[in-house]
Amino acid sequence: MHHVAFVVYPGFELLDPSGPASVFTGANRALGQNGRSAFYRVTLLSAAGGAVESSSGVAVETRSITDVRPGDLQTVLVVGAEREHLLPAVADPALRAALPPLVRQAERFGSVCTGGFVLAALGLFDGHRVATHWDACRRFADAFSKVAVDSDALYVVDGRLWTSAGVTTGIDMALAMIAHDLDATIAGEVAKRLILYARRPGYQSQFSPVLKAQVKGDSPFADLIGWIQANLDAPLDVPSLAARAGMTERTFHRRFVAATGETPARFVETARLDAARMLLSRGLSLKAVAAQVGLFPPARLTEAFERRFGVAPRLFRAMHAVL
């Protein structure tokens, strides 16, 4: 069997191991329904073993990481936590001693959410590209100059190293692991049974453009952004948007960039392409999608989609259509 171990510590985020663990056990269930043997075995490890309490107050039973021999684990994943719980884990001598040999002999290793801080502090991420929670990206990059942080991706695969942005994205990463280990059909069956959105690709952004704008605080363009989202098929050029906002084009452009961090044209294209991905995942035709998101004719949608995501919209629809 393929032995997956989640490394936890006091104050860890409960969903980080429980979500992916449910995915792996779901794969075993799907295999059984197809007359195949179970593939995954899931274990929770901690520094000392025994009951470990999560940040939500729910405790889980664990094995001591010192009881596991290097080579016994095929996948090793360190889960995340808030800063006050993460720092003691980074400094824990038992974890610091046990993790490097386990990682070196595992088929793959990595982290969910901010768990990457534990591995990066041991130099195990040096020279790699990784994902972590959006709120920790700047802190991670500042702390580990030899690591390339992808602040946008849901999860990143770099050789044996798999890292996810956090919480529910660990589920996306686990589904990708199942597709890699077994096949896409099993991963799709698990996603369907757990009532999940179609398996999201790692390059998908952690945020929609609306959420990105909201993160920056109370936007003076909140009403306009809502209108853009509801009217993607309307003319959304700078003159039209500036007129709707009651500003000159120059003032609108300057203030919009300051509020959202993006030019109006980039923001609108991102909103349209995000909507296109959602509609394509539902199996809609390119012609229908292009018309609904304001990128008509379909050739215009194809050009923008391939430029932004490196994949044709038809192929995206085939790969990620909801089952």
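Can you help me understand the state of the cysteines in this one?
Chemically, a disulfide is nothing more than a covalent bond linking the sulfur atoms of two cysteines. Within the structure shown, the criterion is met by 0 disulfides. In this model Cys137 remains outside any disulfide bridge; the closest cysteine sulfur is found in Cys113, 9.9 Å from its own.

Hey, could you run me through helix 10 (residues 238–245) in this one?
Because the α-helix completes a turn every 3.6 residues, residues three or four places apart line up on one side. The opening residue of helix 10 is Asp237, an N-cap whose side-chain oxygen sits 2.8 Å from the backbone nitrogen of Ser240. Of the residues one or two after helix 10, Gly246 is the one with positive phi, at around 75°.

Explain the pairing of strand 3 (residues 50–53) here, please?
Looking along a regular strand, one sees the side chains alternate between the two faces of the sheet. Pairing of strand 3 with strand 4 (residues 59–64) involves 4 bridges; the strand directions are antiparallel. Within the sheet, the bridge partner assigned to Ala51 lies in strand 4 and is Glu61. Between strand 3 and strand 4, which pair antiparallel in sequence order, lie 5 residues; one of them, Gly57, sits at a positive phi of approximately 95°.

What exactly am I supposed to notice about the packing of aromatic side chains here?
Geometrically, a pair of aromatic rings is defined through the distance of the ring centres and the angle of the planes. Using the criterion set out here, one finds 11 aromatic pairs in the structure. Ring centres of Phe221 and Phe252 lie 5.6 Å apart, and the angle between their planes is 90°; this geometry places the pair in the edge-to-face category. On the criterion of sequence distance, the pair formed by Phe221 in the loop between helix 8 (209–215) and helix 9 (222–230) and Phe252 in helix 11 (residues 249–260) is long-range, its members being 31 residues apart. Among the residues examined, Phe221 registers a relative accessible area of 2% and is labelled buried. According to the relative accessible area criterion, Phe252 is buried, its value standing at 0%. With a centroid separation of 5.4 Å and an interplanar angle of 55°, the aromatic rings of Phe221 and Phe256 are classed as tilted. Linking Phe221 in the loop between helix 8 and helix 9 with Phe256 in helix 11, this pair joins segments that are 35 residues apart in sequence. On the basis of relative accessible area, Phe256 is assigned to the buried category, the value being 0%.

When you look at the packing of helix 1 (residues 15–33) against helix 6 (residues 169–181) in this model, what are you seeing that I'm missing?
Angle between the axes and distance between the axes are the two parameters that describe a pair of packed helices. Packing of helix 1 against helix 6 leaves a shortest axis separation of 8 Å and a crossing angle of 30°. One way to sum up the angle between helix 1 and helix 6 is to call them roughly parallel. As for the relative orientation of helix 1 and helix 6, their crossing is right-handed in sense. Residue-level contacts link Gly19, Pro20, Val23, Phe24 and Ala27 of helix 1 to Gly170, Ile171, Ala174, Leu175, Met177 and Ile178 of helix 6. Split into classes, the residues belonging to the contact of helix 1 with helix 6 amount to 9 nonpolar, 2 polar and no charged.

I keep staring at the nonpolar core and nothing clicks. Help me out?
Ranked by size, the top nonpolar core spans 64 residues in total, and within it Leu99, Phe125 and Ile178 carry the most contacts. Residues Leu236, Val268, Leu273 and Phe309 belong to the second largest nonpolar core, which totals 31 residues.

Help me understand the sheet that holds strand 10 (residues 161–164), please; the structure alone is not making it clear to me.
Picture the strands of a sheet paired through backbone hydrogen bonds; they go either parallel or antiparallel. Taken in spatial order, the 8 strands of this open sheet run 3-4-2-1-5-6-10-9, and their pairing is mixed. The open sheet is flanked by strand 3 and strand 9 (155–158), the only strands paired with a single partner. Between one strand axis and the next, the sheet turns through 30° on average, direction left out of account. In the sheet, strand 1 (residues 2–7) pairs with strand 5 (residues 75–78) via 4 bridges, with the strands oriented parallel. Looking at strand 5, one finds that Val4 is bridged to Thr75. Running at roughly 150° to strand 10, helix 6 makes contact with strand 1, strand 2 (40–46), strand 5, strand 6 (108–112), strand 9 and strand 10 of the sheet.

Reading guide: rules and limits
- Residues numbered from 1 in each chain as written.
- Predicted model: local features only at pLDDT ≥ 70, side-chain atom pairs only at ≥ 80, totals over all residues.
- Heavy atoms only, no water.
- Disulfide = S-S within 2.5 Å.
- Polar contact = N/O pair within 3.5 Å; in protein donor to acceptor, adjacent residues only side chain to side chain.
- Helix = DSSP H or I, 4+ residues; strand = E, 2+ residues; numbered from the N terminus.
- Pairing = 2+ DSSP bridges.
- Phe/Tyr/Trp six-rings, centres within 6.5 Å; stacked < 30°, edge-to-face > 60°.
- Buried < 20%, exposed > 50% of the residue type's maximum accessible area, 1.4 Å probe, protein only.
- Axes fitted to C-alpha atoms, helices over the stretch in contact; angles between N-to-C directions.
- Parallel < 35°, antiparallel > 145°, perpendicular 65-115°, else oblique.
- Left-handed = near helix turned anticlockwise from the far one by under 90°.
- Contact = heavy atoms within 4.5 Å.
- Nonpolar A, V, L, I, M, F, W, Y, C, P; charged D, E, K, R; others polar.
- Core = buried A, V, L, I, M, F, W, Y, C linked by side-chain atoms within 4.5 Å.

Keep in mind these values describe shape, not function.
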